[in-house]
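Reading the structure
Read off the chains here:
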2 protein chains.
Amino acid sequence: MTRMPTVEDVARVAQVSRQTVSNVINSPSIVREATRSRVLAAIDELGYRPNAAADQEITRMPTIQDVAGLAHVSKQTVSNVINSPSTVREATRSRVLAAIDELGYRPHASARRLRTRKSSTIGVRLAPLPPDGISSAILDRFVRKLTEQADARDLRVMLFTAGDPVEEIDRIRRLHEGSDADAFVLSATEYGDPRIAWLVEQDIPFVSFGRPWDAKTPHHRWVDVDGRAGVGEAVRHLRAHGAQRVGWIGWTETSGNGNERRSGWEAESGLSATDQRTYSRRAPDDVTEGTRCAMELLSLPEPPDALVCASDSLALGAMTAARMSGRPALPVIGFDDTPIAAAVGLSSVEQPLDEVAATALALLFGPEGDDVLPNPGDDEEPTNRLLAPRLVERRPSHLQLDATTGD
Amino acid sequence: MTRMPTVEDVARVAQVSRQTVSNVINSPSIVREATRSRVLAAIDELGYRPNAAADQEITRMPTIQDVAGLAHVSKQTVSNVINSPSTVREATRSRVLAAIDELGYRPHASARRLRTRKSSTIGVRLAPLPPDGISSAILDRFVRKLTEQADARDLRVMLFTAGDPVEEIDRIRRLHEGSDADAFVLSATEYGDPRIAWLVEQDIPFVSFGRPWDAKTPHHRWVDVDGRAGVGEAVRHLRAHGAQRVGWIGWTETSGNGNERRSGWEAESGLSATDQRTYSRRAPDDVTEGTRCAMELLSLPEPPDALVCASDSLALGAMTAARMSGRPALPVIGFDDTPIAAAVGLSSVEQPLDEVAATALALLFGPEGDDVLPNPGDDEEPTNRLLAPRLVERRPSHLQLDATTGD
DNA sequence: AAGATTTGATAGATCGATCAAAAAATTGCG
DNA sequence: CGCAATTTTTTGATCGATCTATCAAATCTT
């Protein structure tokens, strides 16, 4: 990266102003002798040459112009070969392709973005990790899927961080104004989310992973996973295998997702309203809370014979409680299918993140291509999708081992 | 985003070539009547106007020129206010800043990158997730830290995916040639890693998270965590608390990291070579493998009274084994301090990812700034750092609950 | 006070690509 | 063949910023 020295560099070394350097070169007579020799020394030392532009024969990346020269066509034709090959005659095209290959040419991403006025980049905010969260890995896994799918469309995923929604708004504004990203993916929408209204008002293209939880949220694109259906499936599965009283351990009422998931249990549990109160608990998302709630439920006169939980964290705690109460085989089902569920053999409801990512891109960019679609107007047909999760059945690893070891 | 219609659009609608459209406008006489009227209809329908460039007064983002106009200075001065404020007089500067504020101006990232020839972007590959890996979340957490630290330097983190090192090389080449990223962070280095030699040869700036495991790996920048020291600390801690025979469950010999971590145990265990063979096991990184190995060790005539594992996965399995063998209080220490460790109350050795990220950036860009430093030459002083991990002590949650419930 | 030097602001070129339109070459048809 | 129409290629402008060198005004020397 040995850049050509500039007047600026010479000035710094000789400890004079740029103007003085210029004078030494163009009208040496007006510069005092001492200064002049100091400047000349600096020029010598750095190997500065006035019109340095000419000899930048340093290993420059080939440009479209170089390709054009080699293939004996105009640079526009080279551009066409790359961007709309069908408009170029076969003979010409192969000649240009050969030249591209020979030089190892690749279009300069920034130049292209400047001209086309699109960055082909999707901004994704990484929210801070909650201290004990094992579920938050969902975002990480979603980002992976999004990146994979984006690669296929020649889109890039750029990450940024922000501590809270307000800070996120500020970051998005800057990224958008600087044309750093031309679409954004929101995640973890909540009641009274300020981001959506703002983005809609600013007309910045986005899609949210998570449905709006407020009736007054403006119309926008979103994709979400149907937690209610997922939990419902889990409960039906347990009952089909003989469970009579399926208990529920969920989140507090402030969580839209939590209420949604709980409603799936309510609908499928087959319990009376009174029993529903008896066999359910609400708690923060934490392993020890899961254990606590499960212990409570299991010490009822008629304890539940299966448990469904709003998260793998709670479910993991519930499994511990089950073992502690001497019921290691009690069926427990979690939610999110985090790696830990696979590790301990916990059944869990899996979010189809592949599909979520694909849908998010489809909503933003259409079925294919990398032109971002504008945010939908109020009157437009639905621009959102609710995807069905899938129950992943597993056999708890402690039971597997019991079997293996005969213990 | 209602773009002005172009000749291209008109041509498509009228189903004629662009040239014909041009002729209809400029020399109508040479176009046959039927064609001409079809083209005119299309022009009308789209509301096409020949010199549309003039009236693009649609909400364009303000440019440096707009700011210059409002502040009555040249655009170069505006640029100076942004990039080297000290060279601009106070009065002028505040006038320009006011204009910037009023217009909500923000430099166009791509234009700047094109001119400055640097993308200020770091490329990071997301390796595919191993099916059961709970440790692989390390990369995700590292990426988070890297993004945070990069934000502070006005650098961007761009993700890409690749299935294997060879594919990764190809992706890096394309991203580098297209000036999409000007530095890369490698992770998960392994024996005979082909990426490093290639990057060094191509002179593409990079740093690897993970030291080279081969003697013949060329000199390059790297940062890593001292697994040996971390495990050593864990073993010392256990022995200081009375453990006589600390066992080890680690990975197979093909893992550089695994061998490194094991050596920490060997050094601090205080066991004879024979006992070391007795009290250690090698296995793939998997929870059930951890349980299996731990069961073996615990059924020895003189079982170990504490266990240290190469990963949280193995440690989690070992905890299960301990409970199954009726020794729920057996001290177990894992590695990586994954969220799951916090969740179940497993002590673990924590990698200082904050520091790893900061060091990676410092090696790539120097103590501050966003100019990439070239790869170091063979003779240069060490350009790598080995960071010390930290033991996080926890009390197993099942024990906490035992205490609470009196069970 | 005249000349040397620095500070402040500016003009013009340039980064590497695509867009828009026009020109040139080719094809089709009566 | 001759002209209209199409296909292929080229010219010139442009995206929005920074780089380079220089001019102009202010400040310092002797």
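This text goes with the structure placed above it.
Described below are features of the structure shown in this document.

Calculation notes
- Residues numbered from 1 in each chain as written.
- Chains lettered and ligands numbered in written order.
- Predicted model: local features only at pLDDT ≥ 70, side-chain atom pairs only at ≥ 80, totals over all residues.
- Heavy atoms only, no water.
- Helix = DSSP H or I, 4+ residues; strand = E, 2+ residues; numbered from the N terminus.
- Rg over C-alpha atoms; globule rule 2.2 N^0.38 Å.
- Contact = heavy atoms within 4.5 Å.
- Areas by Shrake-Rupley, 256 points an atom, 1.4 Å probe, with all protein chains shown as cover.
- Axes fitted to C-alpha atoms, helices over the stretch in contact; angles between N-to-C directions.
- Parallel < 35°, antiparallel > 145°, perpendicular 65-115°, else oblique.
- Nonpolar A, V, L, I, M, F, W, Y, C, P; charged D, E, K, R; others polar.
- Salt bridge = Lys/Arg side-chain N within 4 Å of Asp/Glu carboxyl O.
- Polar contact = N/O pair within 3.5 Å; in protein donor to acceptor, adjacent residues only side chain to side chain.
- Pairing = 2+ DSSP bridges.
- Phe/Tyr/Trp six-rings, centres within 6.5 Å; stacked < 30°, edge-to-face > 60°.
- Buried < 20%, exposed > 50% of the residue type's maximum accessible area, 1.4 Å probe, protein only.
- Least-squares fit on C-alpha atoms with pLDDT ≥ 70 in both.
- Expected span 1.5 Å × (residues − 1).

**Section: the overall build of chain A**
Across its full length, chain A holds 18 helices and 12 strands. Computed over its C-alpha atoms, the radius of gyration of chain A comes to 31 Å, more than 25% above the 22 Å expected for a compact globule of 407 residues. Counting only C-alpha atoms, chain A reaches 105 × 60 × 55 Å along its principal axes. Pairs at least 24 apart in sequence give 64% of the contacts found in chain A among residues at least 6 apart. Carbon together with sulfur atoms contributes 50% to the accessible area of chain A, which is approximately 19100 Å² in total.

**Some remarks on the packing of helix α4 (residues 64-71) of chain B against helix α5 (residues 75-83) of chain B**
Residues and elements named next belong to chain B. Contact geometry of α4 with α5 gives a least axis separation of 8 Å together with a crossing angle of 105°. In terms of orientation, α4 lies roughly perpendicular with respect to α5. Residues Ile64, Gln65, Val67 and Ala68 of α4 form the contact with α5, whose own contacting residues are Lys75, Val78 and Ser79. Considering only residue class, the contact of α4 with α5 consists of four nonpolar, two polar and one charged.

**With respect to the interface of chain A and chain B**
Much of the literature gives interface size as the accessible area that the parts lose upon coming together. Tallying the contact residues gives 60 residues for chain A and 60 residues for chain B. Along the contact surface separating chain A from chain B lie 10 salt bridges. If you look at where chain A meets chain B, you find 20 residue pairs in polar contact (both at pLDDT 80 or more). Secondary-structure elements contributing two or more residues to the side of chain A that touches chain B are α7 (109-116), α8 (137-152), β2 (156-161), α9 (165-177), α14 (287-298), α15 (312-324), α16 (339-344) and α18 (397-405) of chain A. Sort the elements by how many residues they give to the side of chain A that touches chain B and α8(A) lands first, with eight residues. Summarising the sheet, β2(A) and strand β2 (residues 156-161) of chain B pair through three bridges and their orientation is antiparallel. Residue Met158(A) lies in a different strand from β2(B), and its bridge partner there is Met158(B).

**Details of the packing of aromatic side chains**
All names here are of chain A. Evaluation of the coordinates by the stated rule reveals eight aromatic pairs over all chains. Between Phe142 and Phe209 the ring centres are 4.8 Å apart and the planes differ by 50°, which places this aromatic pair in the tilted class. Within this pair, whereas Phe142 is found in helix α8, its partner Phe209 is found in strand β4 (residues 206-209), the two being separated by 67 residues in sequence. Assessed through its relative accessible area of 9%, Phe209 is described here as buried.

**Comments concerning the relation of the copies chain A and chain B**
Of the transformation placing chain A onto chain B, the axial shift is 0.0 Å and the rotation is 180°, giving an RMSD of 0.1 Å. The superposition of one copy onto the other is thereby described by a two-fold rotation axis. The fraction of interface residues of chain A whose copies in chain B are also interface residues reaches 100%, indicating that both copies meet through the same surface.

**Side note on helix α12 (residues 256-268) of chain B**
Residues and elements named next belong to chain B. With 13 residues, α12 extends 19 Å from end C-alpha to end C-alpha; this agrees with the ideal 18 Å at 1.5 Å per step. Restricting attention to buried positions, one finds in α12 the residues Gly256, Gly258, Glu260, Arg261, Arg262, Ser263, Gly264 and Trp265. Lining the buried residues of α12 we find α11 (227-240), β6 (246-250), α13 (273-278), β7 (280-282) and β9 (332-335).

**Topic: the pattern of salt bridges**
One pass over the structure, following the stated rule, counts 55 salt bridges over all chains. Here Asp66(A) makes a salt bridge to Arg60(A), at a shortest N to O gap of 3.5 Å. The residue Asp180(B) makes a salt bridge to Arg113(A) at a minimum N-O spacing of 2.6 Å. Placement of Asp180(B) in the loop between α9 (165-177) and β3 (183-187) and of Arg113(A) in helix α7 is noted, with the two residues assigned to different chains. Here the residues in one salt-bridge network are Arg106(A), Asp170(B), Arg173(B), Arg174(B) and Glu177(B), joined through shared partners.

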